[in-house]
Amino acid sequence: MLTRRNLLQAAAMAAVTMLAGCSGVRGGDADDAVTPDQAAPDQTVPVEDAPGAVLVAYFSATGNTEEIVQALAERLGADAFAIEAAEPYTDADLDYNDSSSRTSTERADARPELAQVTPDGWAGYQTVLLGYPIWWGEAAWPLRTFAGGNDFAGKTVVPFCTSASSGIGDSGAALAELAGGGDWRDGERFPAGATDDATAWVDGLGLA
Ligand SMILES: Cc1cc2nc3c(=O)[nH]c(=O)nc-3n(C[C@H](O)[C@H](O)[C@H](O)COP(=O)(O)O)c2cc1C
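Here is what the cut-offs are and how they apply
Residues numbered from 1 in each chain as written. Predicted model: local features only at pLDDT ≥ 70, side-chain atom pairs only at ≥ 80, totals over all residues. Helix = DSSP H or I, 4+ residues; strand = E, 2+ residues; numbered from the N terminus. Buried ≥ 20, exposed ≤ 12 C-beta atoms within 10 Å, placed from the backbone. Contact = placed C-beta atoms within 7 Å. Near = placed C-beta within 6 Å. Nonpolar A, V, L, I, M, F, W, Y, C, P; charged D, E, K, R; others polar.

Within the secondary structure, Arg144 is located in helix α5 (residues 142-149). Looking at Arg144, the number of C-beta atoms within 10 Å reads 19, which means it is partly exposed. Excluding residues within four positions of it along the chain, Arg144 makes contact with Arg111 and Leu178.

Here it is as structure tokens:
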């Protein structure tokens, strides 16, 4: 028999389901696909088939990496997540000729605080393209916080960078060590504005 309590519970469940289904960002959708509340176990959509299973996560201080990211995300139909320092880097902070600038003083081992460490829907992504500028031959410092602060187990990670001239070097390997998990692949370096090269590269990864 349906009691008033049963009806209230049913209404509450329906409201939760509707809210979860309206999460708006594609990352949320990917999570929804594997959330037990959203489907009976035998109806669960495999994560690799879920929309938004590829994430392009990136940090960009002056826009070069972001321009590449926009081309890649559009090519793949993937979600993009901006890694942002809680306190954004100013032009003065980025002055590598000033030994007392923020980037200079953080260089040794700082892990700057991030505005958001873990992207929405993180658990639903199988592949993460991880983009960053090279700072003194390494991944820009916010990547340390991102790599060390997230669980990469079960994910394939493909680093890429932009730089004035330096190669990607072992910046990806250094981040992999901080992450302590995940299947980290060899990365690629692009000069500013190389969107055609970047889309050709991502086509070769077989992700689309
Ligand atoms: C603090 C700092 C250090 C840098 N170090 C290097 C470097 O070692 N090698 C290099 O080729 N470019 C270096 N650059 C240039 C950036 O890697 C390059 O401009 C990059 O495309 C910036 O990306 P963004 O616009 O996404 O921040 C450095 C830039 C900054 C601000």
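With that out of the way, let us pick up the site of the ligand. The environment of the ligand is formed by 21 residues, the closest being Ser60, Thr62, Asn64, Thr65 and Pro133. At the level of elements, α3 (64-76) and β3 (127-135) are the ones that each hand at least two residues to the shell around the ligand. Looking at the shell around the ligand residue by residue, the class counts come to nine nonpolar, 11 polar and one charged.

So, on to α5. Looking at α5, one finds that the buried residues are Pro142, Leu143, Thr145, Phe146 and Ala147. Residues of α5 that are buried in the fold lie against β3, β4 (138-139) and α6 (171-179).

Take it as geometry only, folks, not as evidence of what the structure does.
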